Amino acid sequence: MTSNTKKITQSDLNKVFLRSCTLDSGWDYERQQHLNFCFTMIPVLRRLYGDDKEKMAAALQRHMEFMSCTPHIVTLLAGIVAAMEEENANSEEFDETSIPAVKTSLMGPMAGIGDSFFWGTLLTIAVGIGCSLSAQGSIAGPIVFFLIINVPGFLSRYYGLKYGYELGSKFFSDAKSQAIIANVTKAAGVLGLMVIGSMVASQVSIDLAVMVGSGDLAMPLSEYISWIMPCFLPLCTFILMYYLLGKNVKSTTILFCVIIISCLGCLVGIF
Amino acid sequence: MNNLLTQAILVTLVAFVGYMHSYVGSTMHNRPIVMGALVGLVLGDLKTGIIIGGTLELVFMGAVPIGASNPPDMVSGAVIGTAFVIVSDAEIGMAVTLAVPIASLVLLFDNFQMSVLLPWMSHIADKYAAQGDADGIDRVTRIASIGNKVVLSLVVGISFYLGVPMIETILAVIPEWITRGFDVAAGIIPALGFAMLAKMLVTKETVAFLLLGFLLTAYLGLPTFGVALGGLVVALILINNNNNNTVKEIDDDDF
């Protein structure tokens, strides 16, 4: 190897790690996370193209393109991109259009896995456990919530960058790492679903004020319904919501309908 | 009045800390469960803050930023809702009545930033990129990323300062069935959040586990934490089984 070989250092990667934390903070409707992704890659680009304005401009513009990924795992992509940029800086034959190509083709599937894991499964588990503690006024609620999100969050951010950079674009052609990701995602989904099921029973409450029968025998309708099955109304509501979402009814529409129905229900004495 | 000003400043700071979550690793401490506790802490009623935070968290459960969809701005909703209840000693349910409309209104404001101001900053960054000026992009990114949070937290602080006296007058004339209606809605809305999350996770093979979790709590009264630990066991078993299977498949290919 000649003395001109350019090599990304650990301190560059550390800077990428820190900068990756800002990924969602400059989000815009035009190109989403592009500004912060470019910002994330800058320490690497400075090392590789710092002495060449033209190559630097090309690289910066490459990373100012549309970007959308889950912030907690974006470092995996950043690592892969860093490895490719390094190759590009050291080899004349490297086709630099392959960098945005790989980036664009990976961010979609990665966001699919990452979003459902972090904003889906993990958030569900954290809310499920955190809220049951918070309901009693315990400070453990918010603290446990924070840890459940952030211990896995920062671990995946750290190891994502490490493996992304080491394996480069080979990461996703490696059958073993793909199988592990698929397995963990599926298993975590199962855990998340059990927690959602449990919370439908414990956190959704619908009390009907309607009474059935008369005089001393009068009983709230809710009690009759719970003889069919405990938490029957919450389950039905959940299924109805799920069905409506499946029919592409907007969640905000459902939200405001629930509020209106609740208020009207109070007015006529159903609730 | 001086007191209200101090409270407004504290509320602004809490909101800023919340908005900054996306600058320090998307730590989700902008969620109501944490925001409520922080507001409680600075306003001197931690316990109420925690309880309101937990209630609002369930209401905003389905509010997650995925792809190009942006959820209601829960920081403003949670912060103002919690602060109002603590400052005016109102019913906890009042926090929900306030939080939902406020969060929806502030999202409009945030949308303006994300569709006009931030793209404008990006176009400035584009010019620096064309010149190969990385320092310029660094500067623009930092200003844009932190700046939009400063703006939003000022909106929260000013709304709180100007709003509290007004909210008190308005709430005094709102009929009881509306405020109670919001209480009832707060019990039902979590179902919407759960449905949105379930939509993301459900497959044909795994839908049974949703029902299992429900039945464990509905019939056996198992708390959610217990169900989560049980779920962890199930998940570990699944991972083990699947790993063995894939290892076998890879071996089969080799020979």
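The structure we're discussing is the one just above.
In what follows, the accompanying structure is described. Note that the coordinates shown come from a computational prediction; the quantities given were computed from them, not determined experimentally.

Cut-off values and rules
- Residues numbered from 1 in each chain as written.
- Chains lettered and ligands numbered in written order.
- Predicted model: local features only at pLDDT ≥ 70, side-chain atom pairs only at ≥ 80, totals over all residues.
- Heavy atoms only, no water.
- Helix = DSSP H or I, 4+ residues; strand = E, 2+ residues; numbered from the N terminus.
- Rg over C-alpha atoms; globule rule 2.2 N^0.38 Å.
- Contact = heavy atoms within 4.5 Å.
- Buried < 20%, exposed > 50% of the residue type's maximum accessible area, 1.4 Å probe, protein only.
- Axes fitted to C-alpha atoms, helices over the stretch in contact; angles between N-to-C directions.
- Parallel < 35°, antiparallel > 145°, perpendicular 65-115°, else oblique.
- Left-handed = near helix turned anticlockwise from the far one by under 90°.
- Nonpolar A, V, L, I, M, F, W, Y, C, P; charged D, E, K, R; others polar.
- Expected span 1.5 Å × (residues − 1).
- Core = buried A, V, L, I, M, F, W, Y, C linked by side-chain atoms within 4.5 Å.
- Polar contact = N/O pair within 3.5 Å; in protein donor to acceptor, adjacent residues only side chain to side chain.
- Buried area = accessible area lost by both parts, 1.4 Å probe.
- Salt bridge = Lys/Arg side-chain N within 4 Å of Asp/Glu carboxyl O.
- Patch = residues over 30% accessible without salt bridge, like charges linked within 9 Å, V, L, I, M, F, W, Y side chains within 5 Å.
- Areas by Shrake-Rupley, 256 points an atom, 1.4 Å probe, with all protein chains shown as cover.

## Considerations on the overall build of chain B
Each helix and strand counted, chain B has 9 helices and 0 strands in total. In chain B, the succession of helices and strands from N to C terminus is α-α-α-α-α-α-α-α-α. Computed over C-alpha atoms, the radius of gyration of chain B comes to 23 Å, more than 25% over the 18 Å expected from 2.2 N^0.38 for 255 residues, which places it beyond the range of a compact globule. Dimensions along the principal axes, computed over C-alpha positions, put chain B at roughly 80 × 65 × 30 Å. Long-range pairs, those at least 24 residues apart, make up 71% of the contacts in chain B between residues at least 6 apart in sequence.

## Looking at the environment of Asn36(A)
Along the polypeptide, Asn36(A) turns up in helix α2 (residues 34-49). Classification of Asn36(A) by relative accessible area gives buried; the value is 0%. Discounting residues that sit within four places of it in the chain, Asn36(A) has contacts with Thr22(A), Leu23(A), Ser25(A), Gly26(A), Trp27(A), Thr141(B) and Ser145(B).

## As for the packing of helix α5 (residues 93-130) of chain B against helix α6 (residues 134-173) of chain B
Angle between the axes and distance between the axes are the two parameters that describe a pair of packed helices. Residues and elements named next belong to chain B. Between α5 and α6, whose axes approach to 10 Å, the crossing angle comes to 155°. Between α5 and α6, the crossing angle belongs to the class labelled roughly antiparallel. As α5 runs across α6, the sense of the crossing is right-handed. Contact with α5, carried on its side by Met94, Leu98, Val106, Phe109, Asp110, Gln113, Leu118, Met121, Ile124, Ala125, Tyr128 and Ala129, involves Gly136, Ile137, Arg139, Val140, Ile143, Ala144, Asn148, Val151, Leu152, Val155, Ile167 and Leu171 of α6 and no other residues of that element. Across the contact of α5 with α6, the residue classes tally to 19 nonpolar, 3 polar and 2 charged.

## A look at the packing of helix α2 (residues 32-43) of chain B against helix α4 (residues 74-88) of chain B
Residues and elements named next belong to chain B. As a packed pair, α2 and α4 sit with axes 9 Å apart at the nearest point and diverge in direction by 40°. For the pair α2 and α4, the crossing hand works out as right-handed. Touching Pro32, Met35, Gly36, Val39, Gly40 and Leu43 of α2 are Met74, Val75, Ala78, Val79, Thr82, Ala83, Ile86 and Val87, all from α4. Looking at the contact of α2 with α4 residue by residue, the classes come out as 11 nonpolar, 3 polar and no charged.

## Topic: helix α3 (residues 46-59) of chain B
Taking 1.5 Å of rise per residue, the 14 residues of α3(B) would be expected to cover 20 Å, and the 20 Å separating its terminal C-alpha atoms lies within 8% of that figure. For α3(B), a buried count of 10 out of 14 residues is recorded, marking the element as mostly surrounded by other parts of the structure.

## Thoughts on the nonpolar core
One finds Leu60(A), Ile196(A) and Phe194(B) to be the most contacted residues of the largest nonpolar core, which totals 146 residues. No other element matches the 14 residues that α5(B) contributes to this core. Contacts of Ile196(A), omitting those with residues within four sequence positions, involve Thr124(A), Phe238(A), Phe194(B), Leu197(B), Ala198(B), Leu201(B) and Leu210(B).

## Examining the side chain of Ser22(B)
Its place among the elements puts Ser22(B) in the loop between α1 (2-19) and α2. Within polar-contact distance, the side chain of Ser22(B) engages the side chain of Lys149(B) at 3.4 Å. When near neighbours in sequence (up to four residues on either side) are disregarded, Ser22(B) contacts Cys21(A), Thr22(A), Leu23(A), Asp24(A), Ser25(A) and Lys149(B).

## Details of the interface of chain B and chain A
Taken together, the contact pairs 103 residues of chain B with 101 residues of chain A. Interface of chain B and chain A: buried area, both sides summed, is about 9000 Å²; carbon and sulfur atoms make up 74% of it. Of all residues in chain B, Met28(B), Leu201(B) and Phe214(B) give up the largest surface area on contact with chain A, accounting jointly for 8% of the area buried on that side. Our enumeration of links across chain B and chain A arrives at 5 salt bridges. With a shortest N-O distance of 3.2 Å, Glu205(B) and Lys186(A) are connected by a salt bridge. Linking chain B with chain A are 22 residue pairs in polar contact (both at pLDDT 80 or more), by the criterion used here.

## Considerations on a nonpolar patch on the surface
A surface patch of nonpolar side chains, amounting to about 810 Å² of accessible area, comprises Ile139(A), Ile143(A), Phe146(A), Leu147(A), Val151(A), Leu155(A), Tyr158(A), Tyr159(A) and Tyr163(A). By secondary structure assignment, the location of Val151(A) is in helix α6 (residues 140-167).

## Some points on the environment of Gly81(B)
Residues and elements named next belong to chain B. Along the chain, Gly81 falls in helix α4. Through-space distance from the C-alpha of Gly81 to that of Gly93 is 9.6 Å; in sequence the pair is 12 residues apart. Excluding residues that lie within four positions of it along the chain, Gly81 makes contacts with Ser76, Ala95 and Leu98.

## What to know about the pattern of salt bridges
Per the counting criterion, the structure on display carries 13 salt bridges over all chains. The salt bridge involving Asp135(B) is made with Arg46(A); its shortest N-O contact spans 2.6 Å. Of this pair, Asp135(B) sits in helix α6 while Arg46(A) is found in helix α2, placing the two residues in two different chains. Judged by its relative accessible area of 32%, Arg46(A) is partly exposed. Between Arg180(B) and Glu176(B) there is a salt bridge, with the nearest N and O atoms lying 3.2 Å from each other. Of this pair, Arg180(B) and Glu176(B) both sit in helix α7 (residues 176-201), 4 residues apart, roughly one helical turn. Residues joined in a network through salt bridges with shared partners are Arg19(A), Arg46(A), Asp135(B) and Asp138(B).

## Here we look at unusual backbone geometry
Residues and elements named next belong to chain A. Within the chain, Gln32 stands out as a residue other than glycine whose phi angle is a positive 55°. When you line up the elements, Gln32 lands in the loop between α1 (10-20) and α2. Phi at Cys231 is positive, roughly 60°, even though this residue is not glycine. Secondary-structure assignment places Cys231 in the loop between α8 (221-228) and α9 (232-246). Looking at Cys231, the relative accessible area reads 23%, which means it is partly exposed.

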